[in-house]
Amino acid sequence: MTNPQLPQLPERIKRLTELAYDLWWTWNSAARDVFRRMDYALWRQTAHNPVLMLRNASADQLAILANDQEFLRAYDIAIDALDRARAARDTWWQREIGDQSGSIAYFSAEFALHQSLPIYAGGLGVLAGDHCKEASDLGLPLIGVGFMYPQGYFHQKISPEGWQQESYERLNWADAPIEPACTSDGSNCIVPVPLGNRSVLVQVWRVRLGRVKLYLLDTDLEENAPWDRELSARLYGGDRETRIQQEIILGVGGVRALKALGSTPAVWHLNEGHAAFVVLQRIRDLIEAGQTFDSALEEVRRATVFTTHTPVPAGHDAFPFSLVETHLAGCWGTLGAYRDRFMQLGAYDNGSGMQFNMTALALRTANGVNAVSQLHGVVTREMWGPIWPGLAEDARPVRSLTNGIHEPTWLSNEMARLFDQYLPADWRERHDEPSVWAAVQQVPDEALWAARGLLREYLFAFIRDRARQRWRYEQVSAGRVVAAGTLLDPNTGYKRPELIFHNAQRLQAILNGSRRPVQIVFAGKAHPADETGKHHLQQVYRRALDPAFGGRIAFVDDYDLHVAHFLVQGCDVWLNNPRKPLEASGTSGMKASVNGVPHLSIGDGWWAEGYTGENGWVIEGHAPADDHDAVDAADAAALYELLERQIVPTFYDRDENGIPRRWLAIVRQAIVTVAPRFSARRMVKEYARHLYAPAVHAEKVAR
Ligand SMILES: *Cc1c(COP(=O)(O)O)cnc(C)c1O
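This write-up is about the structure you can find in this document. (Residues numbered from 1 in each chain as written. Predicted model: local features only at pLDDT ≥ 70, side-chain atom pairs only at ≥ 80, totals over all residues. Heavy atoms only, no water.)

## Overview of the packing of aromatic side chains
In the structure shown here, the tally under the stated rule is 27 aromatic pairs. Centroid distance Trp449 to Phe651: 5.9 Å. Interplanar angle 65 degrees. Geometry classified as edge-to-face. Residue class for Phe651 comes out buried when judged on its relative accessible area of 6%. A ring pair is formed by Phe501 and Phe549, whose centres lie 5.8 Å apart and whose planes are at 70 degrees; its orientation type is edge-to-face. (Phe/Tyr/Trp six-rings, centres within 6.5 Å; stacked < 30°, edge-to-face > 60°. Buried < 20%, exposed > 50% of the residue type's maximum accessible area, 1.4 Å probe, protein only.)

## Some details on unusual backbone geometry
You will see that Asp90, though not glycine, has its phi angle at about 55 degrees, which is positive. For Asp90, the position within the fold is in the loop between helix 6 (69-86) and helix 7 (92-96). Residue classification places Asp90 among the exposed residues on the basis of a relative accessible area of 57%. With a phi angle near 80 degrees, Glu272 is a residue other than glycine that sits in the positive phi range. Mapping Glu272 onto the fold places it in the loop between strand 9 (265-271) and helix 11 (278-288). (Helix = DSSP H or I, 4+ residues; strand = E, 2+ residues; numbered from the N terminus.)

## Focus: the environment of Glu614
Secondary-structure assignment places Glu614 in the loop between helix 25 (607-610) and strand 20 (616-619). Put simply, Glu614 and Ile647 are 33 residues apart on the chain and 12 Å apart in space, counted from C-alpha to C-alpha. In this view, Glu614 contacts Ile666 and Gln669; residues no more than four positions away in its chain are not counted. (Contact = heavy atoms within 4.5 Å.)

## Looking at the sheet that holds strand 12 (residues 347-349)
Strand order in the open sheet formed by 3 strands is 11-13-12, and the pairing between neighbours is antiparallel. In this open sheet, the two edge strands, each paired with only one partner strand, are strand 11 (318-319) and strand 12. When strand 12 meets strand 13 (residues 354-357), the two strands line up antiparallel, connected through 3 bridges. Counted as the bridge partner of Ala347 is Phe356 from strand 13. (Pairing = 2+ DSSP bridges.)

## What to know about the sheet that holds strand 18 (residues 574-576)
The strand order across the open sheet built from 3 strands is 18-19-20, with neighbouring strands paired in parallel fashion. At either end of the open sheet lies a strand with only one pairing partner, and these are strand 18 and strand 20. Sheet twist, expressed as the average angle between the axes of neighbouring strands with direction ignored, equals 15 degrees. Sheet analysis places strand 19 (residues 599-602) next to strand 20, joined by 4 bridges and oriented parallel. (Axes fitted to C-alpha atoms, helices over the stretch in contact; angles between N-to-C directions.)

## Some thoughts on helix 12 (residues 293-303)
Those residues of helix 12 lying buried are Phe293, Ala296, Leu297, Val300 and Ala303. Each buried residue of helix 12 sits inside an arc of 135 degrees when the element is viewed along its axis, so together they form one side. (Arc of directions from axis to C-beta.)

## Let's talk about the pattern of salt bridges
In this structure the tally under the stated criterion is 48 salt bridges. The closest approach of N and O atoms between Asp432 and Lys685, which form a salt bridge, is 2.9 Å. Lys685 shares its class with Asp432; the two are buried. Taken together, the shared-partner salt bridges connect Arg15, Glu18, Asp22, Asp83 and Arg86 into one network. (Salt bridge = Lys/Arg side-chain N within 4 Å of Asp/Glu carboxyl O.)

Note that all results are geometric; they support no functional claim without further evidence.
Structure follows, in structure tokens:
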């Protein structure tokens with residue numbers, strides 16, 4: 001391995017480094033077990049960062065491990081599993097699609113793979129990360145392309161007044177599971193990218209995920225000017241100028257990086273509009289190889305797949321033409337002769353005048369387009385009508401392909417152990433088949449309830465630990481320690497987060513019910529520029545400080561993948577109350593459901609198709625959609641009603657052994673109905689069949 005800060009490992013366990021540097025370990029319990037056994041205290045202290053653990057390991061400790069029979073057994077099992085997970089034979093893709101000739105390049109501005117690699121902000125990154133992990137499991141020849149942000153996304157602290165404060169920490173690269181990507185001659189891959197009238201150097205880093213590789217672009221090189229080194233510093237951190245330059249680096253630089261690495265993708269998947277400049281570099285390359293603009297565009301279209309995620313017009317990236325002209329100045333080459341035609345591909349008026357719109361560019365240059373839920377498909381076909389003049393709404397070429405979650409990543413060990421016992425032996429391989437899950441009905445109530453209890457305890461231990469850290473190292477006041485969740489009793493979600501406080505007295509009565517108390521845990525970050533979002537968080541935090549709620553409201557700060565794991569597994573109900581139809585899909589409710597945490601949500605995004613009547617609850621206030629105050633009041637009333645009449649009574653309805661039988665019936669339904677259908681396995685298979693395979697085959701015919 002190339003990290004000079006790692007210690008020399010004893011021969012017997014020398015592949016530990018390889019295991020630590022392949023994020024496949026994050027979703028394999030045998031591999032996680034190796035690092036847990038290596039040093040449990042350090043495992044927890046580093047928030048599960050094996051690279052950092054290895055850096056801190058002493059020669060003595062390593063020598064002991066190399067002679068510890070139990071450790072060696074776990075090590076051998078994990079290494080053997082790693083080799084099998086990396087082997088490219090007999091995969092689903094091979095059996096089903098068969099084609100091994102071309103790869104699928106998957107471009108995304110963020111990837112959420114693990115908390116030790118902070119290059120994600122939220123849902124979009126989680127989806128991209130889960131997509132890549134599942135692609136590895138199914139054997140898709142997929143290559144991810146994204147950014148290596150040295151400062152990542154911000155860390156969240158809450159001030160005594162409840163105001164969100166952002167801090168950026170520089171990642172120590174020796175602590176992250178990344179390595180320099182090398183070209184065939186063994187040198188570090190560095191490519192020049194034209195920006196305006198200068199050239200910026202981009203270094204490429206590699207992340208391994210089983211069979212899949214991810215390439216991350218980085219401008220923080222000494223050869224670059226200080227302002228150019230900053231370009232890739234932060235995710236979504238800058239102004240419009242920074243944003244368009246980042247997008248040129250991702251699109252144009254990403255294509256150039258793949259070429260430098262000797263990769264020739266057959267499919268180019270743009271995850272959201274940020275990466276749409278991929279098509280610019282590709283059209284230019286084809287023209288330079290002798291094609292006309294029209295034939296180049298046709299070829300690019302055959303191989304391009306685009307996923308849109310945003311149901312509001314303002315959420316799509318658009319730039320003034322002058323800004324595009326300035327920053328693309330050096331990108332044209334022979335495409336310059338067709339510059340106006342290219343600019344037309346992005347021209348779109350989304351209500352604030354004609355601009356260069358990244359989503360419009362992607363919609364006009366991709367053959368396969370999809371939205372991320374049934375409902376979002378309807379919204380997208382309606383919203384982007386002008387792209388397809390004369391086409392009726394249902395004829396517009398946008399497929400609805402609903403999101404899913406990577407189940408090996410999100411499923412708790414406790415639940416997986418139960419499934420090992422009661423489900424068919426090959427349930428992991430077949431977890432997208434509904435029939436596999438029927439056996440959840442065989443899991444005894446007692447065992448299911450015991451697992452739920454353990455997961456709840458882990459969450460509360462995690463919350464108390466974090467509150468203790470703040471108390472000990474940051475000397476926060478006692479009130480703030482309560483707000484961080486210390487008074488939560490282990491025996492019992494963000495987007496309009498304050499909705500549940502609409503009627504404070506009614507909520508107090510629900511929370512403080514003496515025999516049936518209820519507790520609420522909040523977590524979430526507001527975008528640094530989102531003042532309204534920060535005000536909402538402040539409202540929530542003030543409630544957490546308010547003694548009237550009896551310490552039964554907690555706010556867990558710095559929401560990230562690590563926190564999310566504890567929350568989605570350890571709560572009893574997952575609450576989500578977006579304003580409809582602003583949730584394109586949402587995935588956190590899926591993560592909760594597969595762990596036996598039923599979803600309580602507005603019928604928006606995935607829940608509009610996931611709710612069956614028995615696997616959770618829909619909050620359905622009745623009010624005219626354009627009257628926001630009336631909608632909030634009606635939704636809040638419907639939420640209280642559900643809590644008071646159904647959720648709390650059912651949860652506390654215990655038999656003589658203390659088991660909530662009726663509750664567990666809902667828990668079972670949540671698992672059975674959500675696990676197969678909302679898995680990334682189902683999702684990636686659909687991408688492969690409907691969007692990737694046609695492009696792969698079209699390319700072959702064209703050749
Ligand atoms: C799953 C996840 C999200 C997405 O949450 P939604 O409620 O589906 O929008 C955001 N952040 C993190 C850290 C997550 O794990």
